[in-house]
Amino acid sequence: MEEALAAAEYLEAAATRLDDGESVTGPAAQRYRDGVRLYHRQFGGRYLTNRQATALNANPRLRIYDNSEQFLTCCYDQSKALCHPDRNKSAGVEASPDITNCQPNCGNIARTDRNIADVEVAIEQAREEIMSPTIPLPLKSRLEQRISSLQQIVDHHRNPEGRRR
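Before going into details, it helps to say that this report is about the structure given with it. (Residues numbered from 1 in each chain as written. Predicted model: local features only at pLDDT ≥ 70, side-chain atom pairs only at ≥ 80, totals over all residues. Heavy atoms only, no water.)

Comments concerning the packing of helix α1 (residues 2–19) against helix α3 (residues 50–58)
Right, so step 1: Close contact between α1 and α3 brings their axes to 9 Å; oriented N to C, the two are set at 70 degrees. In terms of axis orientation, α1 runs roughly perpendicular to α3. Every residue of α3 that contacts α1 at Glu-3, Ala-4, Ala-7 and Ala-8 is listed here: Ala-53, Leu-56 and Asn-57.
Right, so step 2: Partitioning the contact of α1 with α3 into residue classes produces five nonpolar, one polar and one charged. (Axes fitted to C-alpha atoms, helices over the stretch in contact; angles between N-to-C directions. Helix = DSSP H or I, 4+ residues; strand = E, 2+ residues; numbered from the N terminus. Parallel < 35°, antiparallel > 145°, perpendicular 65-115°, else oblique. Contact = heavy atoms within 4.5 Å. Nonpolar A, V, L, I, M, F, W, Y, C, P; charged D, E, K, R; others polar.)

Given below as structure tokens:
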């Protein structure tokens, strides 16, 4: 029940953000939008009964997980999940992603404006660290690489077709 309530809270907030015009990019962007809208139609604004909580947890289209550490949202489809290297073996299906093993080229990734805002905060924090006179040169280089990598995520979200501003 707790898992369903947490999912419901996240999906309810996501529905509000989509209604307010939040953009979503990434290979799973449409699955994100479809899943959030499906949740809203079936469960939105309601108190979840045990039966509804079970239905929410069982619906594979509603397996949408925020991964703030990786600045993404996982629209989990086990067949595409690169976080589970053994996904193609018949040993069983994982019901949820391994968010400690997100891969940047996974087909389950969607990025929302909220994810991008978190990326921009991380970029700013890294820039502040670089400005410190006590930072060692190797760490400064790693932070510059991280900023570059994170900036590519922001640029792709802002210009998904690759247009330059």
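Some words on the nonpolar core
Right, so step 1: Formed by 23 residues in total, the largest nonpolar core has its most connected members in Leu-11, Tyr-32, Val-36, Tyr-39, Leu-56, Leu-62 and Ile-64.
Right, so step 2: Of all the secondary structure elements, the ones that give two or more residues to this core are α1, α2 (29–43) and α3.
Right, so step 3: Ignoring any residue separated from it by four or fewer positions in sequence, one finds Tyr-39 in contact with Ala-8, Leu-11, Glu-12, Gly-44, Leu-56 and Leu-62.
Right, so step 4: In this structure, Ala-126, Ile-130, Ile-135 and Leu-150 belong to the second largest nonpolar core, which totals 13 residues. (Core = buried A, V, L, I, M, F, W, Y, C linked by side-chain atoms within 4.5 Å. Buried < 20%, exposed > 50% of the residue type's maximum accessible area, 1.4 Å probe, protein only.)

Examining the sheet that holds strand β4 (residues 109–112)
Right, so step 1: With antiparallel pairing, four strands are arranged side by side in an open sheet as β1-β4-β3-β2. Taken across any chain shown, the strands that pair with only one partner, and hence form the sheet edges, are β1 (24–25) and β2 (64–67).
Right, so step 2: Pairing of β2 with strand β3 (residues 72–75), which is carried by four bridges, proceeds in the antiparallel orientation. When the bridges of β3 are listed, Ile-64 appears paired with Cys-75. (Pairing = 2+ DSSP bridges.)

Remarks on the environment of Met-131
Right, so step 1: Take Met-131: it is sitting in helix α4 (residues 113–131).
Right, so step 2: Residue classification places Met-131 among the exposed positions, given a relative accessible area of 68%.
Right, so step 3: Along the sequence, Met-131 and Asp-66 sit 65 residues apart, while their C-alpha atoms lie 31 Å from each other.

Structural notes on the side chain of Thr-25
Right, so step 1: Mapped onto the secondary structure, Thr-25 falls in strand β1.
Right, so step 2: Overall, Thr-25 belongs to the buried group, its relative accessible area being 10%.
Right, so step 3: A polar atom in the side chain of Thr-25 sits 2.7 Å from the side chain of His-157.
Right, so step 4: Apart from residues no more than four positions distant in its own chain, Thr-25 is found in contact with Ile-109, Ala-110, Arg-111, His-157 and Pro-160. (Polar contact = N/O pair within 3.5 Å; in protein donor to acceptor, adjacent residues only side chain to side chain.)

A look at the pattern of salt bridges
Right, so step 1: Considering all chains together, one arrives at three salt bridges under this definition.
Right, so step 2: Here Asp-77 makes a salt bridge to Lys-80, at a shortest N to O gap of 3.4 Å.
Right, so step 3: For Glu-120, the salt bridge goes to Arg-158, with nearest N and O atoms at 2.8 Å. Note that Glu-120 is positioned in helix α4 and Arg-158 in helix α5 (residues 137–158), a separation of 38 residues in sequence.
Right, so step 4: Judged by relative accessible area, which is 34%, Glu-120 ranks as partly exposed. (Salt bridge = Lys/Arg side-chain N within 4 Å of Asp/Glu carboxyl O.)

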